[in-house]
Amino acid sequence: STASAHLIVSSVQVLTSAAAVESWGHFPRERRRLLSLLEETRPRGALLLSGDVHYAELAGAPRAALPPGAELLEVTSSGLTHACGLGAVGGP
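Small disclaimer: the values here were computed from a predicted structure and weren't measured. (Residues numbered from 1 in each chain as written. Predicted model: local features only at pLDDT ≥ 70, side-chain atom pairs only at ≥ 80, totals over all residues. Heavy atoms only, no water.)

Here's the deal with the overall build of the chain
Put simply, the test is: Strands are runs of DSSP state E lasting at least two residues, helices are runs of H or I lasting at least four, and both sets are numbered from the N terminus onward. Think of it in three bands: residues with accessible area under 20% of the maximum for their type are buried, residues over 50% are exposed, and the middle band is partly exposed, with areas taken using a 1.4 Å probe on protein chains only. Throughout, a contact is declared for two residues whenever any of their heavy atoms are within 4.5 Å. Accessible areas in this description were obtained via Shrake-Rupley with a 1.4 Å probe; residue shielding takes into account the shown protein chains only.
In terms of regular secondary structure, the chain is built from 1 helix and 4 strands. Listing the helices and strands of the chain from first to last along the sequence gives β-α-β-β-β. The buried share of the chain, reckoned over its 92 residues, is 33%. Counting only contacts in the chain whose residues sit at least 6 apart along the sequence, the fraction spanning at least 24 positions is 68%. For the chain, the exposed surface amounts to about 6,100 Å²; the carbon and sulfur share of it is 59%.

What follows is the structure in structure tokens.
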């Protein structure tokens, strides 16, 4: 595509490694396939939008989770009135 921005929307998080939440991490083969496709096509301005975790988060993909040279951000937003302590989902 020649678009300047590409929004990839998922009902669950793609980049999280927290096992306590529903995410693409529970489907490793499919997750690798999606990330490889994004690396292959390198859409300009790619941004993942996700939800369904009852808190908001901005996450960058760990280098180990992506093919070499790839960079990707994910914005997660569920209800804007929800809050979550870091310990609730295995955060640092």
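On we go.
Description of the pairing of strand β2 (residues 46-50)
A regular strand places its side chains on the two faces of the sheet in alternate fashion. Under the convention used in this document: Any two strands are treated as partners once DSSP identifies two or more bridges connecting them. Here a crossover is taken to be right-handed if, once the strands point away from the viewer, the path from the first strand over the helix to the second is traced clockwise.
The pairing of strand β1 (residues 6-9) with β2 spans 4 bridges and is parallel. The partner of I8 across the bridge, within β2, is L48. Between the parallel pair β1 and β2, the chain is carried across by helix α1 (residues 28-41), and the sense of this crossover is right-handed. In terms of strand pairing, β2 meets strand β4 (residues 73-76) through 3 bridges, oriented parallel. In the sheet register, L49 faces β4, and the bridge partner there is V75.

Observations regarding the nonpolar core
We apply this condition: Residue types Ala, Val, Leu, Ile, Met, Phe, Trp, Tyr and Cys, when buried and joined through side-chain atoms within 4.5 Å, form a set referred to as a nonpolar core.
Core analysis: the largest hydrophobic core is formed by 8 residues, namely I8, V14, L15, L34, L35, L38, L48 and L72. It is α1 that provides the largest number of residues to this core, a total of 3 residues. In this view, L38 contacts I8, P43 and L72; residues no more than four positions away in its chain are not counted.

Section: the confidence of the model for the chain
What counts here: A score between 0 and 100, pLDDT records how confident the predictor is in each residue.
Across the chain, the average pLDDT comes to 78, with 73% of residues at or above 70. The least confident element of the chain, judged by mean pLDDT, is strand β3 (residues 57-60) at 76; the most confident is β1 at 92.

Considering the pattern of salt bridges
We apply this condition: Whenever a carboxyl oxygen of Asp or Glu lies within 4 Å of a side-chain nitrogen of Lys or Arg, that contact is scored as a salt bridge.
Applying the stated rule across the entire model yields 1 salt bridge. The partner of E39 in a salt bridge is R42, with the nearest N and O atoms 2.7 Å apart. The exposure class assigned to E39 is buried, which follows from its relative accessible area of 17%.

Describing unusual backbone geometry
We note that R42 has phi near 45 degrees; this positive angle belongs to a residue other than glycine. Along the chain, R42 falls in the loop between α1 and β2.

Topic: the side chain of Q13
For clarity, the threshold we go by: By the criterion applied in these results, polar contacts are pairs of N or O atoms within 3.5 Å in which, for protein atoms, one can donate a hydrogen and the other can accept it, and in which residues neighboring in sequence qualify only through two side-chain atoms.
With respect to the helices and strands, Q13 occurs in the loop between β1 and α1. There is a polar contact of 3.0 Å between the side chain of Q13 and the side chain of T76. If we skip the residues at most four places from it in the chain, Q13 touches V21, E22, S23, W24, S50, G51, V53, Y55, E57, E74 and T76.

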